[in-house]
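Summary of structural features
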Amino acid sequence: MSGHPPTAFLYQEHVNELFRQFQQTGDTETAALGMAIDGGEVFHVYLTEPRIHFSGQPCRATVRLHRGPAVREAEIPAGVRLVVDIGITGDDLTARGRIVLDAGGTREIDVKFVPVQGEMYVRAKGLVPTAALARKSVAVVGLGSGGSAIAVALAQSGIGRMVLVDRDRIEVGNVARHACGIGDLGRRKTNAVRDLVLGKNPDLDVVTADLDVVEDVPALQQAVDGVDLLVAATDSDRSRFMLNQYALDLRIPTVFGRVLSRACGGEVLRVRPFDGPCLACVYTTQFLAQRPREYSRLSEAREEAQAYVDPGDLEQQIQVGLASDIAPVANFMVKLALVELSRGAGGGLDSLDEDLRADFYVWANRREGVYASWPQMGFEFTKPAVLRWYGANVGRRADCGACHVPDPASVPDAAGFFG
Ligand SMILES: [Zn+2]
C-alpha cells in the first residue's frame, strides 16, 4: 500500500443514474455497498445490486453529489467506512474519496469511474463485426471444461445473448480443467458460468437452463428457442445425437465438439442443417467404435459401454485430459461459431469463412490412440502431424437416418411453381 493511494472504482452507469436524480432534486446522497479487496488497497463501490459475481470484504459506503466548484466537507454518517464526494460545476465533475481509519480520522483515496456499457468491445472493431454480433444469440449446451471456456470466449467477443445449459454442479474433480474455480464448488454450472461471463461482458443478456438434454426435451426446446447458433459441448454421444435432432428440427446451425480418450485429440463438426453433413452422417456406429471418446465419470462410461467391456478398461477410459489439450478444441469451436455468426456481416472473419469450407475438423494433441501411427511433426508439411487442424471432406450420407428426409424448403412450392 506504500506510495500508491487506495483506489475506489465506481461504475459509470450507476453514477449516471444518481446524476439523473441530482438533476431533479439537487444535492443527493445514497448508501452504497463497498467491497474492500486486497486489504483495502482497492474498493469496488456498487450503487445498485451488482449483476456480476463480486468478491472482497463488504463495508458501508456513501456516495454524494454536490452542486458547486469544490467538494463540500460534510459529516460522515456513523458506521460508514468509505465516502465518495462528487462535485458538479456545469459540465465539470470532480470526485474525492475518503476512507475512515480504524484509529480515527480519514485518508484520501483515488476515485475512478469505470465505463462499462458499450465501451468494453470498442477495441474489437474491425476484427469482428461488433454491431452484428451484439444482435446474436448463442446457446452453449454442456458447461464442462470445453463448454465453460467457449462461453467465456464468446462473451468476450461481444455477442448479445447467451443461453447456458447444463444439469450438473461444480465438483472438486472438475476444477482443475474448468474455467470456474474452487470458490464455485457445489454451485450449479449454469450459475457459476453465468457469473464468469458477466464478469467479462456485463452487457450480455444471460439465460440459464438447468436441465438434462436427453430427459428434458420440451424444456430444452423452450430454452434454445430463437437462438442463432447452438454450441454442443456435452460429454455423451446420446446427448450429441439428441442435439443433432434439435438442430435439424429447428434448423439451427450447430457446432459440435468432442475430445477423444485422454484428450489425445479432438474433433469439431459444423452442421448447417440440410446444407452439409449432420452429426449422424459423420458419426456412424463404425466410426464411433474406432475413436473412443473421453469419459469424465465411470457411471457414464458404464452407461455407454457394451456389456462385455472389462471394468478395468472402463477405469482406463475415465483418465481425463489436461486443460491445455482441451483448449485447442474449444478454441476452434469458438472460431467456427464466430465465423458462422458473422457471415456476410463484414469484418476480419470474412476471409476465414473462405478457408473453413470443410464441415468436419480433426486435431491431434499426441501421437497416441488413433494417431499413434502418424509421423513425427518435424519439418514435413505434406504428412499429417500433431498440433495442426485438418479439414476433412465429408458430405451428407444418402442413407443418414437423421437428415435423409428431403428438406421441405428445397421442394418447390406447388402454387409458386405453377402460379
Ligand atoms: Zn445426416
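Since we're looking at a predicted model, the values are computed, not measured.

Criteria and cut-off values
Residues numbered from 1 in each chain as written. Predicted model: local features only at pLDDT ≥ 70, side-chain atom pairs only at ≥ 80, totals over all residues. Heavy atoms only, no water. Donors = N, O, S within 2.8 Å, 3.2 Å for Na, K, Ca; no water. Tetrahedral: all angles 85-135°; square planar, octahedral: opposite > 155°, others 65-115°. Buried < 20%, exposed > 50% of the residue type's maximum accessible area, 1.4 Å probe, protein only. Helix = DSSP H or I, 4+ residues; strand = E, 2+ residues; numbered from the N terminus. Pairing = 2+ DSSP bridges. Expected span 1.5 Å × (residues − 1). Arc of directions from axis to C-beta. Contact = heavy atoms within 4.5 Å.

Attention shifts here to the coordination of the zinc ion. Note on the zinc ion: its protein donors are C278 (SG), C281 (SG), C400 (SG) and C403 (SG). The metal-donor distances range over 2.2 to 2.3 Å. With four donor atoms in place around the zinc ion and angles of 98 to 120° between them, the coordination shape is tetrahedral. Sequence spacing of the donor residues for the zinc ion, all on one chain, is C-x2-C-x118-C-x2-C. Overall, C278 belongs to the buried group, its relative accessible area being 1%. Since its relative accessible area comes to 6%, C281 is described here as buried.

With seven of seven residues buried, strand β13 (residues 265–271) lies mostly within the body of the structure. Bridging between strand β12 (residues 254–259) and β13 involves six bridges; their strand directions are antiparallel. What sits directly across from T254, in β13, is V271. Pairing of β13 with strand β14 (residues 360–364) involves five bridges; the strand directions are antiparallel.

Turning to helix α1 (residues 12–25), a few remarks are in order. Between the first and last C-alpha of α1 there are 20 Å, a value that for 14 residues agrees with the 20 Å anticipated at 1.5 Å per step. Taken together, the buried positions of α1 are occupied by H14, V15, L18 and F22. For α1, the arc enclosing every buried residue in end-on projection is 90°, short of the 170-degree limit, so these residues lie on one face. Every exposed residue of α1 that faces more than 90 degrees away from the buried side is listed here: Q23 and Q24. Check the buried side of α1 and you find it contacts β1 (7–11), β2 (28–37), β3 (42–46), β4 (57–67), β5 (82–89) and β7 (106–114). A positive phi of about 85° marks G26, the residue just after α1.

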